[in-house]
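Spelled out from the first residue to the last, the chains are:
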Amino acid sequence: MKIYDSIFRHSIYKFLCAFAALSVLLTPMISQSQQETPPAPSQPRPARFPSPVERTLPNGLRVVVIEKKDTPLAVAQLLIKNGGEVDPPALAGVAQMTASLVTQGTATLSAPQIAETIEALGGKLESGATWDASIVNVDVEASKLNQAMTILADVVRRPSFKDEEIERLRQQTLDGLSVALEQPGTLARLVAARVIFGDTPYGHALTGTPQSVARIKRDDIVRMHTNIYRPDNAVLVVGGGVRAEDVFRLTQNLFGDWKKPNETLSSTPVASMTNSASAVRSARVVVVDKPDAGQAAVVVARKGLRRSDKDFFRGIVANSVLGLGYSARLNQEVRIKRGLSYGAFSSLDARRDVGPFTASTQTKNESGAEVAALIVGELERLATSPVVEAELAPRKSALTGNFGRNLETTEGLVNFVARLALQGLSFDEINRYVGNVQAITGEDVRKFAGARLDAKAANVIVVGNASVFLSDLRKRFSNVEVIPASELDLNSANLRRASPNAAVK
Amino acid sequence: MTRSLVLYAAIGLSMGLLAANFISTAQGQSAVARLAYRERKLPNGLRLISLQDNSTPTVAIQVWYKVGSKDDPEGRSGFAHLFEHLMFKETKNMKSEMLDRLTEDVGGENNAFTADDMTVYYEIVPSNYLETLLWAEADRLASLSVDDPNFKSERDVVKEEYRERVLASPYGKLGLLIEQKSFTVHPYRRPGIGNIDELNAATIDDVRKFHDTFYRPDNVTMVVVGDFDQKQLDAWVDRYFARIPKPAATLPRVTIKEPSRTSERRYVEYNKNVPLPAVAVTYLIPPASDADAPALQVAETILSEGESSRLYRALVYEQQLAAVTGANADLREDTGLFVLQATMAGGKKPEDGEQALYRELKRMQNETVSPAELSKAINQLVTSQLRERETNNGKALALGSAAVVQGDASRANSEIEQLRAVTATDVQRVMRKYFSDTNRVVIFYLPESMRGKEGE
């Protein structure tokens, strides 16, 4: 049976299984005649997480293994510690293209041969760039891991970047963009990134724009690969039904002779964008008028924090109160109380440098302004009124529950550990995570929201049929900028294409 | 295809791929562990399937109701799905959203989905909450007392869901068209999400009737997988579920049969937010319980799983006609659909996409697939089953779907053997049997700008 043919009560988050380190007592029901109260929970059993072990090869490649003995599967993820943030400004999307192309041919194997070989094993080989990282991932039965990792090593080390494959990917990317840019939600998130980060590295679209993708040349891709795909800028994380010693031996065979270039690894280019987000001018209210949009996408966004920020746990707990999961405030106010959306959520994407805070939803065009005001109002409330324990404890449970469920699958475990390695954090964080969350108080949340999520610095982006919400929006917000979708330019912070006349001048 | 595999084997050896590298030698076929479940039936007809696994302190509970979108009342398209949302509102003993208090608030999660043939509610919780959730599931099976304001507010949510899936998403409407145009008389022709007018027509009285008619113990298969003690689970299920009476009325069942198709039918639709033309071709196929189902699943995998699949290789990679392709053996309790799709690459014609899809079907009909290609498909299906079964919820899904859609929970354990038993001749036979020109419906879903221009 295929679940994707079905329709769900709420959109499916990225986690699918459960966690149980917590015991939160149920609020007793008000007992009326003949009403039953639910049976109380018994004592919880503690959850245990596997511990990663690691070695660093002489060439600088860091190898991390997580033995998970009860699974017949294995996942090997090679993480390059740079991604979209190192795209040159005019070449948005080059890190993404580079990562996508590594699986499309090596010195000895064509793209079809790579796919045939991996898929004959029943495995999946995927690659792509994200912010701060480029990832090549293989997912296969544990008994077939060494054949799969042989391919993984080949594609990472010896991609051929054939012109034919570059042109094929360019066309696929352009086609993909033409679809993505029709989605009001995608468009709103891309506009939000430009509004928050301006022309600094996190401001552009990870997959580029039709204009930048058209400009990318083979040399740009080869340069990107040479600069960032090197053993001293990489981490290999392998998890599942494997033995650490076997993986270390295999890794030595496959990656031991991967030469570290003589040039030192330039300190990551992203370091230069420190606090770039704060340099951007004051909050904007941007409407992208898309008359044929089936819904209005509403995004409230501002700069968030770095993963290394001392306030990270205060931040994620504050976000969990506001917009993580079904029962957080945004979904309560927008969906459950008012029926204005299928779901309203927020996220605090902590990156190597300051990442975005984003609250987003989709609603019928007519309610675009009302929903934008509701979200901003919730941001204000978080900063001004205290969060009581009866609300805070369940939100913290939702957060730690997600964390635990993520670690139940091999893929989730590898992703989490790879993320820690990428950010240079200790693996002890796996065992400290729940305690760190639990330590945050309601007052911490309020203070964090006041200092770091101030609604006055939040940008509002609405993409939809402006004719039905614009006058309402102008009543609620000042300085509303309206950009017709046909004039939207994602290549610059200005967001507006120069008019034809200006181009002539 | 065989040739490139052989070629790679040779290269692999020259690259120094030595036996010593092998982490464990993979000899012969890999096994998918049997699900050692237990099955019992309560006197009121409720079926319990349970699988004890104490390796993590969590448990998954799934309640499968044999009622789906095909059971939407006349003039109430979308009702079964709307009803599913309402099952999270008031009951005799619970306030609205109490289920969220018992799951999300304690580190668990819940969700529910409505498909053509069934509605499934599930919770994944710390195992010390198992009894609490069994009580809650029994409570909403026994009674639902949603009031009018809650009903209307949740109906608005479903209308937003419709707008998000169907109106705001560029190819959302194509999914609806596939259902609407593929069936002529069977209620499968009404998409599960419904439409705004019929959702507006629904009343709270419909809600009561629907609960009375379909939400009864003899229409339930409950699956519990995870950290519990079998005797304790059985006792709790007896305590909370056995007291719910089985109604005297017989359960209404859809008996209408979709007739075989006798000639090709073609449809063209346009929409403003469609950037690239898309083609969908559907064929009627037999029910999930049919002996041909495994061969159809293998055919689906050969056609569409991964970049080595035939559709990707031909339409996307070699001919560069399509941006995206897909094949879906949508097996149902009754007559299902095999759907082929291609979203065209920029500047390519949907007519060419359609012909390219037919060329791949013809190849499957004229030549048997090689042993290597067949074994690749089986390996892909095995790995995907292993992935699904890594979690308690995934195991419960496998058992529930075998029990409810195929009518027998043990099919969860024989599925891989049945897939392995499929031969190249079987694949060729089902390709010839079902993929005829007269058994197809063709839908073109095009940008508004192409109106009046196609065929030029």
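Residues numbered from 1 in each chain as written. Chains lettered and ligands numbered in written order. Predicted model: local features only at pLDDT ≥ 70, side-chain atom pairs only at ≥ 80, totals over all residues.

1. Some points on the overall build of chain A
Scanning chain A from N- to C-terminus turns up 18 helices and 13 strands. A globule of 505 residues ought to have a C-alpha radius of gyration of about 23 Å, and chain A, at 24 Å, matches this closely. The principal-axis extents of the C-alpha atoms in chain A amount to approximately 75 × 65 × 45 Å. Put simply, chain A has 505 residues, and 57% of those count as buried. Intrachain contacts of chain A at a sequence separation of at least 6 include 82% that bridge at least 24 residues. (Helix = DSSP H or I, 4+ residues; strand = E, 2+ residues; numbered from the N terminus. Rg over C-alpha atoms; globule rule 2.2 N^0.38 Å. Buried ≥ 20, exposed ≤ 12 C-beta atoms within 10 Å, placed from the backbone. Contact = placed C-beta atoms within 7 Å.)

2. Looking at the domain arrangement of chain B
Residue and element names in this part refer to chain B. Here chain B is described as being made up of domain 1 (38–241) and domain 2 (265–450). Computed over C-alpha atoms, the centres of domain 1 and domain 2 are 28 Å apart. Broken down by secondary-structure element, the contributors of at least two residues to the side of domain 1 that touches domain 2 are strand E2 (47–52), strand E3 (58–65), strand E5 (119–126), helix H6 (172–182) and strand E6 (220–226). In terms of residue count, H6 provides more of the side of domain 1 that touches domain 2 than any other element does, six residues in total. Considered class by class, the residues forming the side of domain 1 that touches domain 2 number 16 nonpolar, six polar and seven charged. (Domains from an automatic or database assignment. Nonpolar A, V, L, I, M, F, W, Y, C, P; charged D, E, K, R; others polar.)

3. Some details on helix H2 (residues 79–86) of chain B
Burial analysis of H2 of chain B places eight of its eight residues in the buried class, the great majority of the element. Restricting attention to buried positions, one finds in H2 of chain B the residues Phe79, Ala80, His81, Leu82, Phe83, Glu84, His85 and Leu86 of chain B. Summarising the contacts, the buried residues of H2 of chain B are in contact with strand E1 (7–8) of chain A together with strand E4 (109–114), E5, helix H5 (148–167), helix H7 (196–201) and helix H8 (204–214) of chain B.

4. Thoughts on the domain arrangement of chain A
Residues and elements named next belong to chain A. Its domain assignment divides chain A into domain 1 (53–259) and domain 2 (277–504). For domain 1 versus domain 2, the separation of C-alpha centres amounts to 27 Å. Taken together, the contact between domain 1 and domain 2 spans 40 residues of the former and 38 residues of the latter. Contributing elements (two or more residues each) for the side of domain 1 that touches domain 2: strand E3 (62–67), strand E4 (73–80), strand E6 (133–141), helix H5 (184–197), helix H6 (210–215) and strand E7 (234–240). Counting residues per element, the side of domain 1 that touches domain 2 draws most heavily on H5, at 13 residues.

5. Here we look at the interface of chain B and chain A
Chain B puts 91 residues into the contact, and the matching count from chain A is 93 residues. Top contributing element to the side of chain B that touches chain A by residue count: H5 of chain B, with nine residues. Residue classes in the side of chain B that touches chain A are distributed as 36 nonpolar, 33 polar and 22 charged. With two bridges connecting them, E1 of chain A and E4 of chain B associate as antiparallel partners. Within the sheet, the bridge partner assigned to phenylalanine 8 of chain A lies in E4 of chain B and is phenylalanine 113 of chain B. (Pairing = 2+ DSSP bridges.)

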